[in-house]
Amino acid sequence: MGEVNIHFRPRRDPADQVPRPPERTSEASRVTLAVEGMTCGNCARSVTAALEKVPGVEWVSVSPDAGRATVVGRPGAKLEAGPLVAAVQAAGYVGRHLSEDSPPTPTAVPNPWQHPLLLGGVVTALLWFGDWVLRWEGKPWQPWLVFALALPVQVWLGAGFFRGAWRQLRAARANMDTLVSLGSAAAFGYSVGQLLHGDGHGHLFFTEAVTILTFISAGHWLEVRLQARAGDAVRQFVPRALGAQVDERALPGPHDRAEAGPHHVLAGRLGGIPADAE
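Keep in mind that what you see is a predicted model, and the values were worked out from it rather than measured.

In terms of regular secondary structure, the chain is built from 6 helices and 4 strands. N-terminal to C-terminal, the α/β element order of the chain is β-α-β-β-α-β-α-α-α-α. Within the span of the chain, comprising 278 residues, buried residues form 41% of the whole. Sequence-distant contacts, at least 24 apart, represent 69% of the contacts inside the chain between residues at least 6 apart. Surface accessibility of the chain: about 16,600 Å² in total, with carbon and sulfur atoms responsible for 60%.

This paragraph deals with the pairing of strand β2 (residues 57-63). Regular strands place their side chains on alternate faces of the sheet. Most of β2 is tucked away: 6 of the 7 residues are buried. Here β2 pairs with strand β3 (residues 68-73) via 6 bridges, running antiparallel. Among the inter-strand pairings, Val 62 is bridged to a residue of β3, identified as Ala 69. From the end of β2 to the start of β3, which pair antiparallel, there are 4 residues, and Gly 67 there has a positive phi angle of about 70°.

Moving on: empty space enclosed by the protein. Where empty space is left in the structure can be found by rolling a water-sized probe over the atoms. This structure, assessed with the given rule, holds 1 cavity of 30 Å³ or more. Taken as a whole, the largest cavity encloses approximately 30 Å³ of empty space. Lining the largest cavity we find Thr 39, Cys 40, Asn 42, Cys 43, Asn 175, Met 176, Asp 177 and His 220. Every element with two or more residues in the lining of the largest cavity is listed here: α1 (41-52) and α5 (176-197). Split into classes, the residues belonging to the lining of the largest cavity amount to 3 nonpolar, 4 polar and 1 charged.

Turning our eyes to something else, we now look at the packing of α1 against helix α2 (residues 81-90). For the pair α1 and α2, interaxial distance at closest approach is 9 Å and the crossing angle is 140°. Between α1 and α2, the angle is such that the two are oblique. The interaxial crossing formed by α1 with α2 has right-handed handedness. Listed contacts from α2 to Val 47, Ala 50 and Leu 51 of α1 are Leu 84, Ala 87 and Val 88. Of the residues belonging to the contact of α1 with α2, the class tally is 6 nonpolar, no polar and no charged.

As a further point, take the sheet that holds β3. Taken together, 4 strands build an open sheet; the order of strands is β2-β3-β1-β4 and the sheet is antiparallel. Among the strands making up the open sheet, the edge pair consists of β2 and β4 (94-98). Adjacent strand axes in the sheet meet at a mean angle of 25° when their direction is disregarded. Sheet topology note: the strand β1 (residues 30-36)/β4 ladder contains 5 bridges and is antiparallel. Along β4, the bridge assignment pairs Leu 33 with His 97. Where α1 meets the sheet, it contacts β1, β2 and β3, and its direction lies at approximately 160° from that of β2.

Turning our attention to the environment of Tyr 190. Here Tyr 190 is to be found in helix α5. When the C-alpha positions of Tyr 190 and Leu 204 are compared, they lie 7.8 Å apart, and in sequence the two are 14 residues distant. With residues up to four places along the chain from it excluded, the contact list for Tyr 190 reads His 203 and Phe 205.

What follows is about the pairing of β1. Taken across its 7 residues, β1 has 5 buried, putting it largely inside the fold. By the bridge criterion, 5 bridges tie β1 to β3 in an arrangement that is antiparallel. Opposite Thr 32, over in β3, you have Thr 70 as the bridge partner.

Looking now at the confidence of the model for the chain. Chain-level pLDDT for the chain is 77 on average; 69% of the residues reach the 70-or-more range. At the level of individual helices and strands, the chain shows its lowest average pLDDT in helix α6 (residues 206-237), which scores 83, and its highest in α5, which scores 94. This stretch, residues 13-19, has a pLDDT under 50; its non-local contacts, to residues over four places away or in other chains, come to 7 contacts. Below pLDDT 50 for its whole length, residues 242-278 participates in 70 contacts with residues either more than four positions away or in separate chains.

Cut-offs and rules
Residues numbered from 1 in each chain as written. Predicted model: local features only at pLDDT ≥ 70, side-chain atom pairs only at ≥ 80, totals over all residues. Heavy atoms only, no water. Helix = DSSP H or I, 4+ residues; strand = E, 2+ residues; numbered from the N terminus. Buried < 20%, exposed > 50% of the residue type's maximum accessible area, 1.4 Å probe, protein only. Contact = heavy atoms within 4.5 Å. Areas by Shrake-Rupley, 256 points an atom, 1.4 Å probe, with all protein chains shown as cover. Pairing = 2+ DSSP bridges. 1 Å grid on protein atoms, 1.4 Å probe; cavity = no way out; pocket = protein on both sides within 12 Å on 5 of 7 lines; lining within 4 Å. Points joined across faces, edges and corners; volume = space filled by probe spheres on them. Nonpolar A, V, L, I, M, F, W, Y, C, P; charged D, E, K, R; others polar. Axes fitted to C-alpha atoms, helices over the stretch in contact; angles between N-to-C directions. Parallel < 35°, antiparallel > 145°, perpendicular 65-115°, else oblique. Left-handed = near helix turned anticlockwise from the far one by under 90°. pLDDT = per-residue confidence, 0-100.

The following block contains the structure:
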């Protein structure tokens, strides 16, 4: 019989295999930015990718609902706010360095889509109800009534999309704001032209323009709501679960709470979790 070589690997502490943010070596290795223009998770990913390309950056955490980005540098590296702000602006967003005197990130951020979505939802439902149930179409006053109802939605609800699309255009980029702005503005602009200079027989797309804004805003509202609920659930669960002990040295931010959510990294060591549940 031939020889059989058996090699044993030393047992490792499972806690050492848990990935965590780098330890904070000095205040100079951590920079916090205020980022304006993020409306969804894809925006947060774009900002994260831009910041990770800056030399000396090891770890990035972006919160779109709070409008903050935390950047931690590699050991021994000193991060400067200037290149980080420039990277955010090159990605099509507005960045600003937050000093130590700046107010802390709020734990509960109001949903910015709630009130605009309420207006858009009411107007959209009224317009579709008028077209399909009340049979407004064909009435001589219908085009002007629909225009008057759609205009506030186009201005207020569409403003966020138009600003985001303009910032992306200046950076020679495009995102969801660009698509939404093009679709809604084209429908609304064509309808205004038909209303002012048409023969009165063409179909107007005010309802469609408002519907585009309302449905996309509803998606953003739901996304922010789910992010907040997920973050609250994790913040309540982790300190109690599995006898968790948070490693303060691994936290890049204030130590009085743990950031959690789809775009946060929970810093802490939960210890080993046995596969046989014993």
